[in-house]
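# Results of the structural survey
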Amino acid sequence: MASASLPSPVMLFSSVIYSEEESAVAALAAMSERYGQLEYCSPARPFDHTSYYAGEMGSQLKRRIIAFEQLVGRATLPAIKLYTGAIERRLSDPNGQRRVNLDPGFVSLEQVTLATTKPYSHRIYLSEGIWAELCLTYRDQTYHKL
């Protein structure tokens, strides 16, 4: 029988979808205050392959991907998702419409996993209303979609 073991720490990353640059800057500052220095921040790119957020955030959305230098424990994913939700609410407009959407996850040697508040058949419940979605697995020296 195998013995239980603790997993290695992972790299925290997040998708940052936004309509206004100042909202993205504020969200990055809030996340950096808690999780430290950025290891990576992608250039802003148009986020136009879905209209999912258009009703709430508008149609001229942009996206950045960010990652942090400091590794985190995998068990912290629910707390991170709850914190990013609080950032989204704080940066919302007076009517409660989001100006930024933060989707945190982690990258490990084995996988890429996102946190979500939406249950579905392929998502695993973690705690505090947060689910984990396994997005990519690593094998043959590259990441693969499921």
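Up top you'll find the structure we're talking about.
Residues numbered from 1 in each chain as written. Predicted model: local features only at pLDDT ≥ 70, side-chain atom pairs only at ≥ 80, totals over all residues. Heavy atoms only, no water.

### A short note on the overall build of the chain
- If you tally the helices and strands in the chain, you get 3 helices and 9 strands.
- Listing every helix and strand of the chain by position from the N terminus yields β-α-β-β-α-β-α-β-β-β-β-β.
- Its C-alpha atoms give the chain a radius of gyration of 16 Å, within 12% of the compact-globule value 15 Å for 146 residues.
- Within the span of the chain, comprising 146 residues, buried residues form 38% of the whole.
- Considering only contacts within the chain whose residues lie at least 6 apart along the sequence, 64% involve residues at least 24 apart.
- Element-wise, carbon and sulfur atoms account for 54% of the exposed surface of the chain, whose accessible area totals about 8900 Å².
- Of the side-chain charges in the chain, 15 are positive and 15 negative, and the distance between the mean point of each set is 3 Å. (Helix = DSSP H or I, 4+ residues; strand = E, 2+ residues; numbered from the N terminus. Rg over C-alpha atoms; globule rule 2.2 N^0.38 Å. Buried < 20%, exposed > 50% of the residue type's maximum accessible area, 1.4 Å probe, protein only. Contact = heavy atoms within 4.5 Å. Areas by Shrake-Rupley, 256 points an atom, 1.4 Å probe, with all protein chains shown as cover. Lys, Arg positive; Asp, Glu negative; His and termini not counted. Charge placed at Lys NZ, Arg CZ, Asp CG, Glu CD.)

### Concerning the nonpolar core
- Among the nonpolar cores identified, the biggest contains 23 residues, and V16, M31, Y35, I87, V100 and L102 are the most heavily contacted of them.
- Elements supplying a minimum of two residues to this core: β1 (10–18), α1 (21–35), β4 (62–72), α3 (77–90) and β5 (100–107).
- It is α1 that provides the largest number of residues to this core, a total of 6 residues.
- Setting aside residues no more than four positions away along its own chain, V100 makes contact with V16, I17, Y18, S23, A27, M57, E88 and L91.
- Listed in part, the 5 residues of the second largest apolar core include I17, F47, Y53 and M57. (Core = buried A, V, L, I, M, F, W, Y, C linked by side-chain atoms within 4.5 Å.)

### Digging into the packing of aromatic side chains
- Under the counting rule described, the total for this entry stands at 6 aromatic pairs.
- For the ring pair Y35 and Y83, a centre distance of 5.9 Å and an interplane angle of 80° mean the geometry is edge-to-face. Pair noted here: Y35 is in helix α1 and Y83 is in helix α3, with a separation of 48 residues, a long-range link.
- Their ring planes at 65° and their centres at 4.9 Å tell us that Y138 and Y143 sit as a pair that is edge-to-face.
- Assessed through its relative accessible area of 38%, Y138 is described here as partly exposed.
- Pairwise contacts between aromatic rings join Y35, F68 and Y83 into one cluster.
- Lying across the ring of Y83, R34 places its NZ or CZ 3.8 Å from the centre. (Phe/Tyr/Trp six-rings, centres within 6.5 Å; stacked < 30°, edge-to-face > 60°. Lys NZ or Arg CZ within 6 Å of the ring centre and 35° of its normal.)

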